[in-house]
Amino acid sequence: MVSSDHNDQSESAETASSHGELQGVTGTLTSRSIRSFVIRNGRMTEAQQEAIDQWLPKFGITFRQQSIDFEETFGRIAPTWVEIGFGNGDALLHMAEQHPEVNLIGIEVHAPGVGHALLGIQSKQLENVRIIQHDAMEVLQHMIAPQSLARVLLFFPDPWHKKRHHKRRIVQKEFVDTVSERLQSGGLLHCATDIANYAEWMLEHLQTATQLVNESGTHDFVPQPDWRINTRFERRGLRLGHDVFDLLYRRT
Ligand SMILES: C[S@@+](CC[C@H](N)C(=O)[O-])C[C@H]1O[C@@H](n2cnc3c(N)ncnc32)[C@H](O)[C@@H]1O
């Protein structure tokens, strides 16, 4: 399992990462020292493994230090959205179905989740989704050209509750700057979380980005936009009585 034990990352992240951080991603990870995930041995069903073997070559993009040519990859010119940490892919597939006019790239390191998403892509015959099984920060930095994205979506990222693990939260200055550079003018960054402390953290970090404007009239949260369906981790948060926070920023 990846660090997706959303509310209890009990094992030391340092220990877990040294067990297997290089497994389960395509391409070679560069030498970033602090990552927003750890890979633990996850339960992979036979169907998920088969989907990875059979469909990742077709729907996957292998990590490399070269910008993706969206037109060549999708065979058309269309707005491109990127979902970071798509989990089992429910939101990704929903957006792909609801928005056939859009190209979607999903980034996830959790192999069972990748397998699950691939099964859905294949069974729904979705032509407008591609998967990258790699660290999203590296993908954004090395594979996405500046000002090329119409949307970046980050739903229920691992909250890394303990203060000493906050450095592992994916939303950091580096993330905000990188996303900001990758968005086209008018492009959107949409984040959602059910952890109040992480919502505040997101606001604090995002308000430092001079090229991102908060879309809520009150400089904080917006009602759930219609392109986001309730995800597995959101449902879990709701069961625990958490509020859900959506943040929406537009690139100037
Ligand atoms: C708490 S889960 C949420 C999954 C899904 N978005 C949802 O709402 O159900 C966070 C996911 O982000 C993935 N993740 C964390 N850091 C990542 C990174 N740097 N690159 C790619 N995936 C990452 C984890 O593997 C995990 O599946």
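This structure is a prediction, so every number in the text was calculated from the model and none was measured. (Residues numbered from 1 in each chain as written. Predicted model: local features only at pLDDT ≥ 70, side-chain atom pairs only at ≥ 80, totals over all residues.)

### As for the site of the ligand
Put simply, the test is: Put plainly, near means the residue's C-beta atom, positioned from the backbone, lies within 6 Å of the molecule or strand in question. Secondary structure elements follow DSSP: runs of H or I of four or more residues count as helices, runs of E of two or more count as strands, with numbering from the N terminus.
As a matter of local geometry, the ligand sits amid 26 residues, with Gly85, Gly87, Ala136, Phe156 and Thr231 nearest to it. For the shell around the ligand, the secondary structure elements donating two or more residues are α6 (136–143) and α9 (232–239). The element best represented in the shell around the ligand is α9, accounting for three residues.

### A word on the packing of α6 against helix α7 (residues 173–182)
Each pair of packed helices can be described by the angle between their axes along with the distance between the axes. As a reminder of what qualifies: Lines fitted to C-alpha atoms define the axes, with helix axes restricted to the stretch in contact, and inter-axis angles between N-to-C directions lie between 0 and 180 degrees. Angle categories: roughly parallel below 35 degrees, roughly antiparallel above 145, roughly perpendicular from 65 to 115, and oblique for all the rest. Left-handed is the label given to a crossing in which the near helix is rotated counterclockwise from the far helix by less than a right angle, and right-handed is the label when the rotation is clockwise. The contact criterion used is a C-beta to C-beta distance within 7 Å, with each C-beta placed from the backbone. In this count, Pro and Cys sit with the nonpolar residues alongside Ala, Val, Leu, Ile, Met, Phe, Trp and Tyr, while Asp, Glu, Lys and Arg are called charged and the others, Gly among them, polar.
The N-to-C vectors of α6 and α7 enclose an angle of 40 degrees; their axes lie 10 Å apart at closest approach. When the axes of α6 and α7 are compared, the pair comes out oblique. Read as a crossing pair, α6 and α7 show a hand that is left-handed. Two secondary-structure elements touch here, α6 through Met137, Leu140 and Gln141 and α7 through Phe175, Thr178, Val179 and Arg182. Partitioning the contact of α6 with α7 into residue classes produces four nonpolar, two polar and one charged.

### A closer look at the confidence of the model for the protein
How we decide: For every residue, the predictor assigns a confidence score, pLDDT, that lies between 0 and 100.
Confidence along the protein averages 90 in pLDDT terms, with 87% of residues attaining 70 or more. In the predicted structure, residues 1–23 sits below a pLDDT of 50 and forms 40 contacts with residues beyond four places in sequence or in another chain.

### Some thoughts on the sheet that holds strand β1 (residues 80–84)
Put simply, the rule reads: Strands are treated as partners if at least two bridges between them are detected by DSSP.
The strand order across the open sheet built from seven strands is β3-β2-β1-β4-β5-β7-β6, with neighbouring strands paired in mixed fashion. Two strands in the sheet have a free side with no partner beyond their single neighbour: β3 (129–132) and β6 (212–214). Taken over all neighbouring pairs, the strand axes of this sheet differ in orientation by 20 degrees on average, direction set aside. With six bridges joining them, strand β5 (residues 183–193) and strand β7 (residues 245–251) adopt antiparallel strand pairing. Bridge pairing links Leu189 to Tyr249 in β7.

### Let's talk about the pairing of strand β2 (residues 103–107)
Spelled out, the test is: With C-beta atoms placed from the backbone, a residue is labelled by how many other C-beta atoms lie within 10 Å of its own: buried for 20 or more, exposed for 12 or fewer, partly exposed between the two. Look down the strands so they point away from you; if the path from the first strand over the helix to the second goes clockwise, the crossover is right-handed.
With five of five residues buried, β2 lies mostly within the body of the structure. Residues Asn103, Ile105 and Ile107 point to one face of β2 and Leu104 and Gly106 to the other, with burial holding for every one of them. Two strands pair when backbone bridges link them, and β1 and β2 are joined in this way by five bridges, in the parallel orientation. By the bridge assignment for β2, Trp81 is matched with Leu104. A crossover links β1 with its parallel partner β2, the connecting element being helix α4 (residues 90–98), and its sense is right-handed. Pairing of β2 with β3, which is carried by four bridges, proceeds in the parallel orientation. Residue pairing across strands places Ile105 opposite Arg130, the latter belonging to β3.

### Quick notes on the nonpolar core
Using the following cut-off: Put simply, a nonpolar core is a cluster of buried Ala, Val, Leu, Ile, Met, Phe, Trp, Tyr and Cys residues tied together by C-beta atoms within 7 Å.
By size, the foremost hydrophobic cluster in this structure holds 57 residues, and its most contacted members are Val82, Leu92, Ala117, Leu118, Val139, Val152 and Leu189. With six residues, helix α5 (residues 111–123) is the single largest residue contributor to this core. Those residues in contact with Ala117, other than ones at most four positions away along the chain, are Phe86, Asn88, Gly89, Leu92, Leu93, Gly106 and Ile131. Val25, Val38, Ile39 and Val109 belong to the second largest nonpolar core, which has five residues in total.

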